[in-house]
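Structural description and commentary
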Amino acid sequence: MNEAWAAKAVRRDQDLDAVDVQILDAMQDDARKSRAEVARQVGLSAAAVHERIHKLERAGVIYLSDFYQHRIRAITATHVVAFAGKSVPSKADGGLLDAGFRWPAGLALDGSDRIVVADSGNHQIRLVDVAGAKVTTIAGAGVEGFADGTASEARFSAPLDVSVAAGDEIYVADQYNYKIREIAGGQVRTVAGSSEGFADGPAAQARFRSVTNVAVDGEGTVYLADSYNHRVRAIY
């Protein structure tokens, strides 16, 4: 996203709210502050999810999940843009500002530099193609529940975070199914987790409580925040 595009997008965004103006004013008042510092300072329209901000940086632009505004925001050096989604919840695919989200949470970049979104309220995993200017659904039937299988028929329960491995496998923190899921080759499978609780051991027998964050390292080890068990867990 270059500055000319950002300026054009700001003019196009008729729903730009007052907090965006606060951010721009704060940047002008103190140019030494980073975009992230300014975003934290003014709250960015309640972008925090359970007091955590889901964000990533791509090509010098910071993208944030604006959880309660059902949008993905973009922060450049001088502008804040409602980059994808609308102010009303929706599960529509389509152009960036025509598509919808419901409580978007975790973000990750795939190998093609596209943004993967944990769309927690729609119980889906979405894809924001920046270059193609469109949003599509990667996985999830859009109905809460649990089911492995084809990506379009799989079910999640408030997925809260995503992480992309070197081979473009997508790992999902499936919050209220108490599981880590994997999306690869058009299929969804359960990597680890059985039922709510706490247990180490074989992946299929392990137990978690409120899986909130997930990350995968270069060697394929998956780490997760087991929030209500107050632990960081690893899947080898």
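Analysis parameters
- Residues numbered from 1 in each chain as written.
- Predicted model: local features only at pLDDT ≥ 70, side-chain atom pairs only at ≥ 80, totals over all residues.
- Heavy atoms only, no water.
- Core = buried A, V, L, I, M, F, W, Y, C linked by side-chain atoms within 4.5 Å.
- Buried < 20%, exposed > 50% of the residue type's maximum accessible area, 1.4 Å probe, protein only.
- Helix = DSSP H or I, 4+ residues; strand = E, 2+ residues; numbered from the N terminus.
- Salt bridge = Lys/Arg side-chain N within 4 Å of Asp/Glu carboxyl O.
- Pairing = 2+ DSSP bridges.
- Axes fitted to C-alpha atoms, helices over the stretch in contact; angles between N-to-C directions.

**Notes on the nonpolar core**
Within the largest apolar cluster, 16 residues are counted, with the highest numbers of intra-cluster contacts made by Tyr63, Phe83, Ile115 and Val128. Every element with two or more residues in this core is listed here: strand S4 (61–66), strand S5 (71–75), strand S6 (80–85) and strand S9 (115–119). Counting residues in hydrophobic clusters, the runner-up holds 15 residues, among them Ala108, Leu127, Ala151 and Val162.

**Some points on the pattern of salt bridges**
Using the criterion set out here, one finds 10 salt bridges in the structure. Residue Arg126 pairs with Asp119 through a salt bridge whose shortest N-O separation is 2.7 Å. An identical accessibility class is assigned to Arg126 and Asp119; each is buried. When salt bridges that share partners are traced, they join Asp93, Asp119 and Arg126 into one network.

**Focus: the sheet that holds S4**
Read from one edge of the open sheet, four strands run S3-S4-S5-S6, paired in antiparallel fashion. The open sheet has two edge strands with one neighbour each: strand S3 (55–58) and S6. This sheet shows a mean twist of 30° between the axes of neighbouring strands, independent of strand direction. Looking at chain direction, S3 and S4 are connected through four bridges and run antiparallel. Counted as the bridge partner of Lys55 is Leu64 from S4.

**Quick notes on the sheet that holds strand S11 (residues 134–139)**
Hydrogen bonds between backbone atoms are what pair the strands of a sheet, whose relative direction is either parallel or antiparallel. Taken in spatial order, the five strands of this open sheet run S7-S11-S10-S9-S8, and their pairing is antiparallel. Only two strands of the sheet have a single partner each, and these edge strands are strand S7 (94–95) and strand S8 (104–109). By the bridge criterion, four bridges tie S8 to S9 in an arrangement that is antiparallel. Residue Leu109 lies in a different strand from S9, and its bridge partner there is Ile115.

**Regarding the environment of Gly111**
Along the chain, Gly111 falls in the loop between S8 and S9. Along the chain, Gly111 and Gly167 lie 56 residues apart, while their C-alpha atoms are 7.8 Å from each other.

Read these as spatial facts, not as claims about activity.
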